[in-house]
Amino acid sequence: MFSEEWINTIPLSLLQQIREHASYQPLLQDGDAIEQLLQNKSKLKQAFQHLDPYVKQSLTYILIYFPASFFTIDQLLACDIDDVAGAELKAAVIQLSQLGMLYVFHRHRQQERWFILPQDLVSHWFSVCFSLEDHFSSIAKENTMDNDMISCDGFMEDVITILQFVQYQPITLTKKGVLPKRITHMLQQEIRSLDEHFQFVKFKEEKYASYPPYVAVLLDYSLRLGLTSISDDQLHIQPSVCNEWLQGSEQEHQIWMEKFIHEVFYPSTIYVQHLLSIIPLLSPHSCYAVADIMNQVRKELKWKDDQLEDEILTQFHLRCLKPLQALDCVLLHYDEHDDLYISLSEKKRIAMLYLQSDFSLLKPPHLQLDVQFELQLMTEKQDQQYKITKNSVMKACLAGRDGNYLCSFLQQVSKYGLPKNVEKCMMDWSRDAHNTNHGSIHTHNMHEMTSQRQQYQHVPLLFSNSCQSAEAIDVYNYMLDSQEINSILYSRYKDFQGSIEKKYLTFDDIYAYPHVIPSHWMHAYRKYHIAINVQIIETALHLHTYIMVRHKDENVYFVPKRLTKCDQAWKVEGNIKGRGQLSFHSSDWQEIKLILPGMNDKNK
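Throughout, a residue's number is its position along its own chain's written sequence, starting from 1. Where local features are concerned, this predicted model is filtered to residues with pLDDT of at least 70; where side-chain atom pairs are given and counted, the filter is 80 or more; whole-chain, interface and lining totals use all residues. In computing side-chain properties, one takes all heavy atoms of the structure into account and sets aside hydrogens as well as water.

Moving on, we get to the pattern of salt bridges. In a structure, side chains of opposite charge can pair up when their charged atoms sit close to one another. Throughout this description, the term salt bridge denotes a Lys or Arg side-chain nitrogen within 4 Å of a carboxyl oxygen of Asp or Glu. Counted according to the given criterion, the structure contains 18 salt bridges. Where lysine 259 meets glutamate 5, a salt bridge forms, and the shortest distance between an N and an O atom there is 3.5 Å. Of this pair, lysine 259 sits in helix 14 (residues 250-264) while glutamate 5 sits in helix 1 (residues 3-7), and the two are 254 residues apart along the sequence. Each residue's exposure class comes from its accessible area (1.4 Å probe, protein chains only) as a fraction of the maximum for that residue type: buried when under 20%, exposed when over 50%, partly exposed otherwise. For lysine 259, a relative accessible area of 4% gives the class buried. Taking relative accessible area as the criterion, glutamate 5 reaches 15% and is therefore assigned buried. Across the pair arginine 562 and glutamate 573 runs a salt bridge, and its minimum N-O distance is 3.5 Å. Taken together, the positions of arginine 562 in strand 16 (residues 554-566) and glutamate 573 in strand 17 (residues 569-576) put the pair 11 residues apart, joining distant regions of the chain. Glutamate 573 gets classed as partly exposed once you look at its relative accessible area, which sits at 25%. Each of Arg113, Glu501, Lys503 and Asp509 takes part in salt bridges that share partners, so that together they form one network. Runs of H or I in DSSP of at least four residues are treated as helices and runs of E of at least two as strands, each being numbered from the N terminus.

See the structure below:
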């Protein structure tokens with residue numbers, strides 16, 4: 001789940017309780033919105049630095065074991081964690097949830113609570129807890145890749161191809177609920193051939209396995225974002241959603257893509273999840289050997305030595321990097337030693353192209369999407385080059401454009417204007433198209449349909465309202481609400497049937513019976529009868545917590561692991577916090593005190 005989704009779902013009362021947390025008070029001025037703070041990485045980091053050391057350490061273990069998965073407290077306690085007591089893990093989970101740094105869910109048929117990190121902040125917490133960016137700077141190399149020679153917008157171009165294909169008329173599905181093979185084949189001819197990049201995609205239902213993998217990915221993306229929809233056994237366009245998507249900001253498109261990746265392409269192997277999660281920490285101006293990245297992550301996260309490096313690298317390459325390359329999120333290349341390198345794909349979009357007198361157009365690597373849409377509508381692609389032809393102009397006219405609009409558009413977005421010979425031919429072809437189709441062409445009303453973009457005031461919204469009526473829809477929320485109804489690929493959260501916890505959790509929610517524990521056990525540091533000592537240690541074992549005990553005239557914080565009776569005495573085994581294992585007998589016990597993290601550990 002992403003932070004915006006969670007913030008928009010929880011009750012205002014819960015949001016206010018989070019706002020009142022002591023850790024946030026120095027960071028909030030009167031009138032500041034907690035919604036912005038919970039998505040402000042800098043302020044979240046400042047709040048985190050003031051938390052107890054065991055809370056910080058617990059977050060590192062959550063990142064190591066559950067970076068992108070739901071988990072229960074019992075699952076966290078079952079992990080191989082020796083230097084943090086179980087009760088400290090519990091208390092840390094509560095404190096992180098109280099801060100809105102960890103999201104809480106509950107299942108209707110089960111009483112246990114489930115937790116998950118905000119997925120759009122996972123890379124940020126990796127940076128905070130492990131300082132990975134500093135380590136990556138030591139392995140960064142100058143990016144010598146010629147990005148201009150790479151198709152940096154191929155995925156978006158292919159999505160637009162799908163939208164324009166469906167725009168002319170809805171596509172009727174077969175009895176099985178899939179596109180006819182003839183339509184699928186026609187789509188394949190219009191898009192890039194990238195099936196090998198998606199060989200490991202999982203389909204939601206067996207019937208969708210008939211789709212070529214890349215066609216399935218494109219259809220799923222358009223359905224998941226609500227750009228298209230399925231109703232009455234037909235695939236339809238959603239004009240208002242498409243308009244919003246085409247005119248979305250770079251940040252909005254990044255969020256939509258991250259959500260799509262997290263839903264569909266996140267790997268199941270925990271070590272590969274680590275590698276995928278840290279990609280946003282790479283510098284966009286450098287390139288990195290993938291093996292070097294893995295070695296740094298492995299060292300910092302203390303991966304187990306028995307994991308096979310080659311297997312992890314292969315999974316990361318085939319299940320993550322290849323799809324991300326096809327989605328235009330990363331660039332991959334091999335050096336002279338055949339080592340794989342990665343760099344981030346920069347996407348600062350511009351709204352300008354180059355129109356030449358031979359009717360060909362040259363476009364920059366990252367053209368603004370609404371301009372890209374019009375470009376694809378009014379041109380044909382010949383040998384990887386866009387060209388205006390009579391057929392392409394007639395196609396644009398069938399989609400509701402006319403000669404005046406097409407020429408006005410090109411005049412606005414062409415860096416050197418519209419050549420006279422191109423303008424004359426386009427006007428002639430437009431008239432031919434209009435005469436051929438008589439009155440069937442519905443041109444845009446230039447006044448009503450004008451875009452709000454200030455760069456070029458006369459570019460209309462790209463889908464006419466005459467295509468299909470639809471209310472304006474927030475793409476991000478539409479994506480969240482429609483993912484189960486409209487999707488083709490398997491969603492990794494599909495099997496999790498739960499809802500957001502709307503209660504503000506407290507420490508009473510993790511300690512089974514704190515109110516029936518004698519208060520002096522937690523507040524008085526004193527000697528007890530041997531029988532009481534045994535009860536205190538049994539309580540500590542049950543709650544996965546620790547005790548403060550005087551052992552050989554030294555106060556130690558001891559995490560009991562096992563209590564056994566030896567003859568007439570008792571033996572306890574466990575760990576001294578920060579010092580390793582220890583065992584001692586009841587004859588060695590002196591003063592003792594039960595510690596419950598979050599309740600009486602401040603004055604321990």
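So much for the structure itself; the text now carries on.
In this fold, lysine 322 is placed in helix 17 (residues 309-326). Two residues form a contact once any of their heavy atoms are found within 4.5 Å. Apart from the residues lying within four places of it in its own chain, the contact partners of lysine 322 are Glu196, His197, His317 and Leu332.

This part takes up helix 19 (residues 390-398). Turning to helix 19, its buried residues number three or more, namely Ser392, Val393, Ala396 and Cys397. One side of helix 19 carries all its buried residues, which in axial view fall inside an arc of 145°. The exposed residues of helix 19 that point more than 90 degrees off its buried face are Asn391 and Leu398. Immediately beyond the C-terminal end of helix 19, within one or two residues, lies glycine 400, with a positive phi of roughly 110°. To obtain the arc, one takes the directions from the helix axis to the C-beta atoms.

As a further point, take the sheet that holds strand 6 (residues 234-237). For two strands to pair, DSSP has to find at least two bridges joining them. On the basis of which strands lie adjacent, the open sheet formed by three strands has the order 4-6-5 and antiparallel pairing. A strand with exactly one partner marks an edge of an open sheet, and here the two such strands are strand 4 (171-172) and strand 5 (228-231). Pairing between strand 5 and strand 6: four bridges, direction antiparallel. Each residue of the ladder has a partner; that of serine 231, found in strand 6, is glutamine 234. Helix axes are fitted only over the stretch in contact, all axes being lines through C-alpha atoms; the angle between N-to-C directions runs from 0 to 180 degrees. Against the sheet, helix 10 (residues 154-167) makes contact with strand 4, strand 5 and strand 6, and its axis sits at roughly 110° relative to strand 6, the strand it touches most. Along the sheet face, helix 12 (residues 213-224) touches strand 5 and strand 6 and points at about 85° away from the line of strand 5.

Side chains of nonpolar character tend, in soluble globular proteins, to be buried together. Residues Tyr24 and Trp245 are the most contacted members of the largest nonpolar core, which totals 189 residues. Among the elements that take part in this core, helix 12 stands out by supplying eight residues, more than any other. Nonpolar core, defined: a set of buried Ala, Val, Leu, Ile, Met, Phe, Trp, Tyr and Cys residues in which side-chain atoms within 4.5 Å join the residues together.

Mapping arginine 579 onto the fold places it in the loop between strand 17 and strand 18 (580-585). In the structure, arginine 579 is positioned 21 residues away from phenylalanine 558 in sequence and 9.7 Å away in space, judged by C-alpha atoms. In contact with arginine 579, not counting residues within four places along its chain, are Glu554 and Val556.

One number per residue, pLDDT, summarises how confident the predictor is, and it ranges from 0 to 100. With 87% of its residues at a pLDDT of 70 or more, the chain shows a mean pLDDT of 83. Within the model, the stretch residues 146-150 combines pLDDT values under 50 with five contacts to residues more than four positions away or in other chains. Considering only residues more than four positions removed or in separate chains, one finds that residues 438-474, a stretch of pLDDT under 50, has 83 contacts.

Burial runs high along strand 15 (residues 546-551): five of the six residues are buried. Looking at chain direction, strand 15 and strand 19 (residues 592-595) are connected through four bridges and run antiparallel. Within the sheet, the bridge partner assigned to isoleucine 547 lies in strand 19 and is leucine 594. One ladder, built from five bridges, connects strand 15 with strand 16; its direction is antiparallel. Pairing of arginine 550 across the sheet is with asparagine 555, part of strand 16.

In this section: the pairing of strand 6. Here two bridges tie strand 4 to strand 6, and the two strands are oriented antiparallel to one another. Each bridged residue has a counterpart across the sheet, and for isoleucine 171 the counterpart in strand 6 is leucine 235. In this structure, the hairpin formed by strand 5 and strand 6 is closed by a connection of two residues, where aspartate 232 is found at a positive phi of approximately 55°.

This part covers the sheet that holds strand 9 (residues 340-344). Judged by pairing direction, the sheet is antiparallel, and its four strands sit side by side in the order 3-7-9-8 without closing on themselves. Edge positions in the open sheet fall to strand 3 (141-142) and strand 8 (330-334), since each of these has one partner strand only. Each of strand 7 (286-289) and strand 9 is contacted by helix 16 (residues 290-301), which is oriented at about 75° to strand 7, the strand it contacts most. Of the strands in this sheet, strand 8 and strand 9 touch helix 17, which is tilted by about 115° from strand 8.

Here the focus is the packing of aromatic side chains. Ring geometry is summarised as follows: Phe, Tyr and Trp rings, the Trp one being its six-membered ring, pair when their centres sit within 6.5 Å, and such pairs are stacked at plane angles under 30 degrees, edge-to-face over 60 and tilted between the two. Following the criterion strictly, the structure yields 19 aromatic pairs and no others. Aromatic ring contacts, followed pair by pair, group Phe155, Phe198, Tyr214, Tyr221, Trp245, Phe260 and Phe265 into a single cluster. Note on geometry: a ring has a charge over it if NZ (lysine) or CZ (arginine) is within 6 Å of the ring centre and within 35 degrees of the ring normal. In this structure, arginine 319 packs its charged tip against the face of phenylalanine 200, placed 4.1 Å from the ring centre.

Here the focus is the packing of helix 4 (residues 41-49) against helix 8 (residues 122-130). One way to put it is that helix 4 packs onto helix 8 with a least axis distance of 11 Å and a crossing angle of 40°. What the angle tells us is that helix 4 and helix 8 run oblique. At the point where helix 4 passes helix 8, the crossing takes the right-handed sense. Contacts between helix 4 and helix 8 involve Lys41, Leu44, Lys45, Phe48 and Gln49 from the first element and His124, Trp125, Val128 and Cys129 from the second. The residue inventory of the contact of helix 4 with helix 8, partitioned by class, reads five nonpolar, two polar and two charged. Relative orientations are named as follows: roughly parallel for angles under 35 degrees, roughly antiparallel for angles over 145 degrees, roughly perpendicular for angles from 65 to 115 degrees, and oblique for any other angle. Note on convention: the crossing is left-handed when the near helix lies turned anticlockwise from the far helix by less than a right angle, right-handed when the turn is clockwise. Gly counts as polar in this scheme, as do all residues outside two lists: the nonpolar Ala, Val, Leu, Ile, Met, Phe, Trp, Tyr, Cys and Pro, and the charged Asp, Glu, Lys and Arg.

Extensive coverage of helix 15 (residues 270-277) is indicated by the burial of seven of its eight residues. Of the residues making up helix 15, those classed as buried are Tyr271, Val272, Gln273, His274, Leu275, Leu276 and Ser277.

On the secondary structure map, tryptophan 589 appears in the loop between strand 18 and strand 19. When the C-alpha atoms of tryptophan 589 and isoleucine 530 are compared, they prove to be 8.7 Å apart, with 59 residues separating the residues in sequence. Not counting chain neighbours up to four residues away, the residues in contact with tryptophan 589 comprise Ile530, Asn533, Val534, Ile537, Arg550, Trp570, Val572 and Phe584.

This part covers unusual backbone geometry. A positive phi is found at serine 131, a non-glycine position, where the angle reads about 50°. On the secondary structure map, serine 131 appears in the loop between helix 8 and helix 9 (132-137). With a phi close to 55°, lysine 302 is a non-glycine residue in the positive phi region. Position of lysine 302 among the secondary structure elements: in the loop between helix 16 and helix 17.

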